[in-house]
Amino acid sequence: MTRREYLRQAAGTAAALAIPGLLGGRSAAAQAVSAKPITGKNSLKARAAARGLLAGCAVNAPALRSDEAYRNLLTEQYNIVVAEYCMKWAALRPTPDTYSFDEADELMAFAQTHGMKIRGHNFVWHESLPKWFAGTVNKDNAQKFMTDHIMAVGGRYKGRIHSWDVVNEAIWIPDGRPDGLRSSSPWMQMLGPEYIDIAFKTARQVDPKALLTYN
């Protein structure tokens, strides 16, 4: 099951539980919790912090810029945020030789202003690639494009990122590889399985303090 399928299923279950009489309706405990204001000491971030955890969500850059209620909800409920799309290749790389950091910078500034940690997402993925990618990146230059990208983006935010999703969704069992890796990824096709090691080693080089994760 993919994350998207899981989220759709979870949303459907939540909707069902909200309908009185369906699946028994909400429990008395759930009703009691919903009666309390979910702010201040009852906010998600406060309850998470009390347990040594972080509470966060993916942030949509256009909504962050235009919707005050959205911004208020983020600051009220979360102590870590992650870019939904504005740190992916398609958003950051309008051309092979240029970067566009406006939306990513806005998210960074917002988080820092409100004392939030920031999760970078992501350096390497098989999706959300710019249109120019397929006709420009090949086996001969793929490693340079990847490492240059990680160095440029990671270097810009060095020391300000709590954690980076270095490689995203590289595993896909249905492709049938013995190692379980996604054979349809352009990075796999051009660099082989070593692309994962290359990405992590480059990310560690550019930002020695950030947590590095596989998502």
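This is a predicted model, so every value here is computed, not measured.

Points about a nonpolar patch on the surface
A cluster of nonpolar side chains, contributed by I171, I173 and Y214, occupies part of the molecular surface with about 310 Å² of accessible area. Secondary-structure assignment places I173 in the loop between strand 4 (163-167) and helix 10 (186-191). Residue classification places I173 among the exposed residues on the basis of a relative accessible area of 58%.

Some words on the packing of aromatic side chains
Here the structure, examined in full by the defined rule, presents eight aromatic pairs. For the ring pair F133 and W187, a centre distance of 5.2 Å and an interplane angle of 70 degrees mean the geometry is edge-to-face. Residue F133 is found in helix 8 (residues 133-136), and its partner W187 is found in helix 10; the two are separated by 54 residues along the sequence. F133 gets classed as buried once you look at its relative accessible area, which sits at 5%. Classification of W187 by relative accessible area gives buried; the value is 0%. Taken together, W89, W132, F133, F145 and W187 form an aromatic cluster joined through their ring pairs.

Notes on the sheet that holds strand 3 (residues 117-124)
Strands sit in the order 1-2-3-4-5 across an open sheet of five strands; the sheet is parallel. A strand with exactly one partner marks an edge of an open sheet, and here the two such strands are strand 1 (56-59) and strand 5 (211-214). Each strand of the sheet is rotated relative to its neighbour by a mean of 25 degrees, with strand direction disregarded. Inspection of the sheet shows strand 2 (residues 80-83) paired to strand 3 by three bridges, in the parallel sense.

Quick notes on the environment of S128
Within the secondary structure, S128 is located in the loop between strand 3 and helix 8. For S128, a relative accessible area of 24% corresponds to the partly exposed category. In the structure, S128 is positioned 40 residues away from K88 in sequence and 6.5 Å away in space, judged by C-alpha atoms. Residues contacting S128, with those up to four places away along its chain left out, are Y85, K88, W89 and A90.

Structural notes on the side chain of H126
Tracing the backbone through its elements, the reader meets H126 in the loop between strand 3 and helix 8. Judged by its relative accessible area of 17%, H126 falls in the buried class. A polar atom in the side chain of H126 sits 3.5 Å from the side chain of E127.

Regarding the side chain of N168
Take N168: it is sitting in the loop between strand 4 and helix 10. A residue is classified by how much of its surface remains accessible, and N168, at 2% relative accessible area, is buried. Only 2.6 Å separates the side chain of N168 from the side chain of N215, close enough to count as a polar contact.

Things to note about the environment of I38
In this fold, I38 is placed in the loop between helix 2 (28-35) and helix 3 (44-49). For I38, a relative accessible area of 45% gives the class partly exposed.

Re the nonpolar core
In this structure, V124, M146, Y157, W164, W187 and Y195 are the most contacted members of the largest nonpolar core, which totals 50 residues. A total of six residues in this core trace back to one element, the largest contributor, which is helix 11 (residues 194-206). The residues contacting M146, other than those within four sequence positions of it, are W89, V124, W187, L191, Y195, I198 and A199.

The rules behind the values
- Residues numbered from 1 in each chain as written.
- Predicted model: local features only at pLDDT ≥ 70, side-chain atom pairs only at ≥ 80, totals over all residues.
- Heavy atoms only, no water.
- Patch = residues over 30% accessible without salt bridge, like charges linked within 9 Å, V, L, I, M, F, W, Y side chains within 5 Å.
- Areas by Shrake-Rupley, 256 points an atom, 1.4 Å probe, with all protein chains shown as cover.
- Salt bridge = Lys/Arg side-chain N within 4 Å of Asp/Glu carboxyl O.
- Helix = DSSP H or I, 4+ residues; strand = E, 2+ residues; numbered from the N terminus.
- Buried < 20%, exposed > 50% of the residue type's maximum accessible area, 1.4 Å probe, protein only.
- Phe/Tyr/Trp six-rings, centres within 6.5 Å; stacked < 30°, edge-to-face > 60°.
- Pairing = 2+ DSSP bridges.
- Axes fitted to C-alpha atoms, helices over the stretch in contact; angles between N-to-C directions.
- Contact = heavy atoms within 4.5 Å.
- Polar contact = N/O pair within 3.5 Å; in protein donor to acceptor, adjacent residues only side chain to side chain.
- Core = buried A, V, L, I, M, F, W, Y, C linked by side-chain atoms within 4.5 Å.

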